[in-house]
Amino acid sequence: DAGVIQSPRHEVTEMGQEVTLRCKPISGHNSLFWYRQTMMRGLELLIYFNNNVPIDDSGMPEDRFSAKMPNASFSTLKIQPSEPRDSAVYFCASRDEQGIRETQYFGPGTRLLVL
Amino acid sequence: AQKVTQAQTEISVVEKEDVTLDCVYETRDTTYYLFWYKQPPSGELVFLIRRNSFDEQNEISGRYSWNFQKSTSSFNFTITASQVVDSAVYFCALSQNSGYSTLTFGKGTMLLVSP
């Protein structure tokens, strides 16, 4: 079975550019999470969707960050404009609320470098 | 508020040694889940185990074992006869067992196993 799929795996961009990260959750999972990992702050939850609806976006750093989940099989995290301090690894994770509850399965991550 | 503490930032062992990674948690919930994830040098986050707060039985999976003690709010992870491939960052995490639950991660413990 395919796991969580993220693209791109690596992204290098210049300050001020728009960055879009993509995630395809595990088929049948109805919750999706976006995390950011940095050396300084560790793993931080950015936003959590359940049945495509944002439940908790308190971790989204500022208005430059936005996330959407237009359907059950796709989500995007957008940063506009990007800044060097946004450089991090961004993980997407999904969970099945009806099956094996509470276990989040993570994608391989997107390494973002903003110059 | 929930909190997970992994006091060991980095542990170095020689192959074949046993090693225990400590995890202490804080929660006001009476029911909750505890997790361990592994992050190898390649960067992905791999789910290892989930434990329900009702189940204090220790678990063994090959060279891995977990000791859950509610009395001390600890969920320690032991690797027996460590191998170089065990080198990774290990994260302990906690979630509620109700509603729209999210994961609270510890800072992680970096395990270095040398030949």
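First, a word on scope: everything that follows refers to the structure included in this document. (Residues numbered from 1 in each chain as written. Chains lettered and ligands numbered in written order. Predicted model: local features only at pLDDT ≥ 70, side-chain atom pairs only at ≥ 80, totals over all residues. Heavy atoms only, no water.)

1. Some details on the overall build of chain A
Piece 1. Assigned secondary structure in chain A consists of zero helices and 11 strands.
Piece 2. Sequence-ordered secondary structure for chain A, helices as α and strands as β, is β-β-β-β-β-β-β-β-β-β-β.
Piece 3. Relative to the globule expectation of 13 Å for 115 residues, the C-alpha radius of gyration of chain A, 13 Å, shows essentially globular dimensions.
Piece 4. When its C-alpha atoms are laid out on the principal axes, chain A stretches across 40 × 25 × 25 Å.
Piece 5. Relative to its full complement of 115 residues, chain A shows a buried share of 49%. (Helix = DSSP H or I, 4+ residues; strand = E, 2+ residues; numbered from the N terminus. Rg over C-alpha atoms; globule rule 2.2 N^0.38 Å. Buried < 20%, exposed > 50% of the residue type's maximum accessible area, 1.4 Å probe, protein only.)

2. A word on the state of the cysteines
Residue and element names in this part refer to chain A.
Piece 1. Within this structure, the stated rule accounts for two disulfides over all chains.
Piece 2. Here Cys23 connects covalently by a disulfide to Cys92, the sulfurs 1.9 Å from one another. Taking the sign of the torsion about the S-S bond as the criterion, the disulfide between Cys23 and Cys92, at about -70 degrees, is left-handed. In this pair, Cys23 is assigned in strand E3 (residues 19–24) and Cys92 in strand E9 (residues 88–95), connecting sequence segments 69 residues apart. Taken individually, Cys23 and Cys92 each receive the classification buried, so the pair is uniform in this respect. (Disulfide = S-S within 2.5 Å.)

3. A few points about the interface of chain B and chain A
It is common to report an interface's size as the accessible area lost on association of the parts.
Piece 1. Contacts between chain B and chain A engage 20 residues on the former and 20 residues on the latter.
Piece 2. Where the side of chain B that touches chain A is concerned, the elements lending two or more residues are strand E5 (32–39), strand E6 (46–52), strand E10 (88–96) and strand E11 (103–105) of chain B.
Piece 3. If you tally residues by element for the side of chain B that touches chain A, the top one is E5 of chain B, at four residues.
Piece 4. Tallied by class, residues from the side of chain B that touches chain A come to nine nonpolar, eight polar and three charged. (Contact = heavy atoms within 4.5 Å. Nonpolar A, V, L, I, M, F, W, Y, C, P; charged D, E, K, R; others polar.)

4. Concerning the nonpolar core
Piece 1. If you look at the biggest cluster of nonpolar residues, it comprises 23 residues, and the most contacted ones within it are Trp36, Phe77, Tyr90 and Leu111 of chain B.
Piece 2. Ranked by residue count, the leading element in this core is E10 of chain B, at four residues.
Piece 3. Within the second largest apolar cluster, 21 residues are counted, among which are Leu32, Leu46, Met60 and Leu112 of chain A. (Core = buried A, V, L, I, M, F, W, Y, C linked by side-chain atoms within 4.5 Å.)

5. Things to note about the side chain of Ser75 of chain A
All names here are of chain A.
Piece 1. In this fold, Ser75 is placed in strand E8 (residues 74–79).
Piece 2. The class for Ser75 is buried, based on a relative accessible area of 0%.
Piece 3. A polar side-chain atom of Ser75 sits 2.9 Å from a polar atom in the side chain of Trp34.
Piece 4. A distance of 2.8 Å separates a polar atom in the side chain of Ser75 from the backbone oxygen of Lys68.
Piece 5. Once you skip the residues sitting within four places of it in the chain, Ser75 turns out to touch Leu21, Arg22, Cys23, Leu32, Trp34, Phe49, Lys68 and Met69. (Polar contact = N/O pair within 3.5 Å; in protein donor to acceptor, adjacent residues only side chain to side chain.)

6. Concerning a nonpolar patch on the surface
All names here are of chain A.
Piece 1. A cluster of nonpolar side chains, contributed by Val12, Leu113 and Leu115, occupies part of the molecular surface with about 290 Å² of accessible area.
Piece 2. Within the secondary structure, Leu113 sits in strand E11 (residues 110–114).
Piece 3. By relative accessible area, Leu113 is classed as partly exposed at 39%. (Patch = residues over 30% accessible without salt bridge, like charges linked within 9 Å, V, L, I, M, F, W, Y side chains within 5 Å. Areas by Shrake-Rupley, 256 points an atom, 1.4 Å probe, with all protein chains shown as cover. Salt bridge = Lys/Arg side-chain N within 4 Å of Asp/Glu carboxyl O.)

7. Looking at the pairing of strand E2 (residues 10–14) of chain B
Residues and elements named next belong to chain B.
Piece 1. Residues Ile11 and Val13 line the buried face of E2, whereas the alternating positions Glu10, Ser12 and Val14 sit on a face that is not buried.
Piece 2. The pairing of E2 with strand E12 (residues 109–114) spans five bridges and is classified as parallel. The residue bridging Val13 from the neighbouring strand is Val113, located in E12. (Pairing = 2+ DSSP bridges.)

8. Let's talk about the sheet that holds strand E1 (residues 5–7) of chain A
All names here are of chain A.
Piece 1. The four strands lie next to each other as E1-E3-E8-E7, forming an open sheet whose pairing is antiparallel. Strands with a single pairing partner mark the edges of an open sheet, and in this sheet they are E1 and strand E7 (65–71). Taken over all neighbouring pairs, the strand axes of this sheet differ in orientation by 15 degrees on average, direction set aside. (Axes fitted to C-alpha atoms, helices over the stretch in contact; angles between N-to-C directions.)

9. Quick notes on the environment of Pro61 of chain A
Residue and element names in this part refer to chain A.
Piece 1. Counting through the fold element by element, Pro61 comes out in the loop between strand E6 (53–56) and E7.
Piece 2. Along the backbone, Pro61 and Asp86 are 25 residues apart, and their C-alpha atoms lie at a distance of 9.6 Å.
Piece 3. Setting aside anything within four residues of it in sequence, one finds Pro61 in contact with Arg36 and Leu46.

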